[in-house]
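Here's the letter readout for the chains.
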Amino acid sequence: MRVGAYLAHLGPGAPFPVVDRARLLVDAGFESLWIPQIIGRAGFVPDPFVALAAAAVAVPGVEVGTATLQVPLHHPAELAHKIRSLQAVAGERLTLGVSPGSTEADHALLGKDFAARFRTLDAQVDDLRALGVPLLLGSWGRNVEKAARRYDGWIASAHRTSPAQIVEALARFRAAGGGRAVVTAVSDAADLEVYADAGFDDAIMVFEPGRVPVRPD
């Protein structure tokens, strides 16, 4: 199982300096760099397109990805422009984790219809796939099987979700013929062995300020 890391933390306080953080994480042995899109909640997470473009230049050869990009927050044309712009910097190193979004605050801040988020994402999947970026779905429930059928892989979040719940969902994803499986926002290194034994392809760790990012052996 590959081990990556978030470029951002999920708590209050100033964000990590993206370029310095990217270099620190890669020097520590992490194999990929990821960032979520969070707008309307506590704390500050940098814009994923800006952060990943900076990271892609700072650490050549390392995979960069969104975990996840809330598709319904964007106009389709504007989103395609942002993705293609990031592709121009990161090239084939870019992986796009997408989701309908799970927090009403983010949608309310931008005047988007939270209730319609699943329909909005479904309507844009084919256009996103046409951009040629590996497309992973971050979602739960029956959408785990949808990730297996319609996407290149699935993203699970360990933020407020137990390892047992995540492993159970992975079994459903594999039974449906799913490809790449990524678990993100892993804060406890002890859980990595559980995810590796379950068959995840990647685990993405998150480190809060003051905690030294160490890649477990």
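The structure under discussion appears in the preceding block.
Heads up: these notes are all about the structure in this document. (Residues numbered from 1 in each chain as written. Predicted model: local features only at pLDDT ≥ 70, side-chain atom pairs only at ≥ 80, totals over all residues. Heavy atoms only, no water.)

1. Let's talk about a nonpolar patch on the surface
Part 1 of the argument: Taken together, the side chains of Ile39, Leu109 and Leu110 make up a nonpolar region of the molecular surface, amounting to roughly 260 Å² of accessible area.
Part 2 of the argument: Among the structural elements, Leu110 can be located in the loop between helix 4 (104-109) and helix 5 (117-129). (Patch = residues over 30% accessible without salt bridge, like charges linked within 9 Å, V, L, I, M, F, W, Y side chains within 5 Å. Areas by Shrake-Rupley, 256 points an atom, 1.4 Å probe, with all protein chains shown as cover. Salt bridge = Lys/Arg side-chain N within 4 Å of Asp/Glu carboxyl O. Helix = DSSP H or I, 4+ residues; strand = E, 2+ residues; numbered from the N terminus.)

2. What about the packing of aromatic side chains?
Part 1 of the argument: For the coordinates displayed, the defined rule picks out five aromatic pairs.
Part 2 of the argument: Seen in terms of ring centroids, Tyr195 and Phe200 are 5.7 Å apart; in terms of plane orientation they differ by 85°. Their pairing is edge-to-face.
Part 3 of the argument: For Tyr195, a relative accessible area of 1% gives the class buried.
Part 4 of the argument: For Phe200, a relative accessible area of 4% gives the class buried.
Part 5 of the argument: An aromatic cluster is present here, built from Trp140, Trp154, Phe173, Tyr195 and Phe200 joined pairwise through their rings.
Part 6 of the argument: Directly above the aromatic system of Phe16 lies the positively charged group of Arg21, at a separation of 3.6 Å from the ring centroid.
Part 7 of the argument: Taking NZ or CZ as reference, Arg117 lies 3.8 Å from the ring centre of Phe114, over its face. (Phe/Tyr/Trp six-rings, centres within 6.5 Å; stacked < 30°, edge-to-face > 60°. Buried < 20%, exposed > 50% of the residue type's maximum accessible area, 1.4 Å probe, protein only. Lys NZ or Arg CZ within 6 Å of the ring centre and 35° of its normal.)

3. Section: the environment of Leu24
Part 1 of the argument: With respect to the secondary-structure elements, Leu24 resides in helix 1 (residues 18-27).
Part 2 of the argument: By relative accessible area, which is 41% here, Leu24 ends up partly exposed.
Part 3 of the argument: Sequence separation between Leu24 and Phe173 is 149 residues; the distance between their C-alpha atoms is 33 Å.

4. Digging into the pattern of salt bridges
As a working rule, side chains carrying opposite charge can pair if their charged atoms are close by.
Part 1 of the argument: Evaluated as defined, the whole model comprises 12 salt bridges.
Part 2 of the argument: Across the pair Arg2 and Asp202 runs a salt bridge whose closest N-O atoms are separated by 2.8 Å. Note that Arg2 is positioned in strand 1 (residues 2-6) and Asp202 in strand 8 (residues 202-205), a separation of 200 residues in sequence.
Part 3 of the argument: Among the charged side chains, a salt-bridge network with shared partners connects Arg2, Glu63, Arg180 and Asp202.

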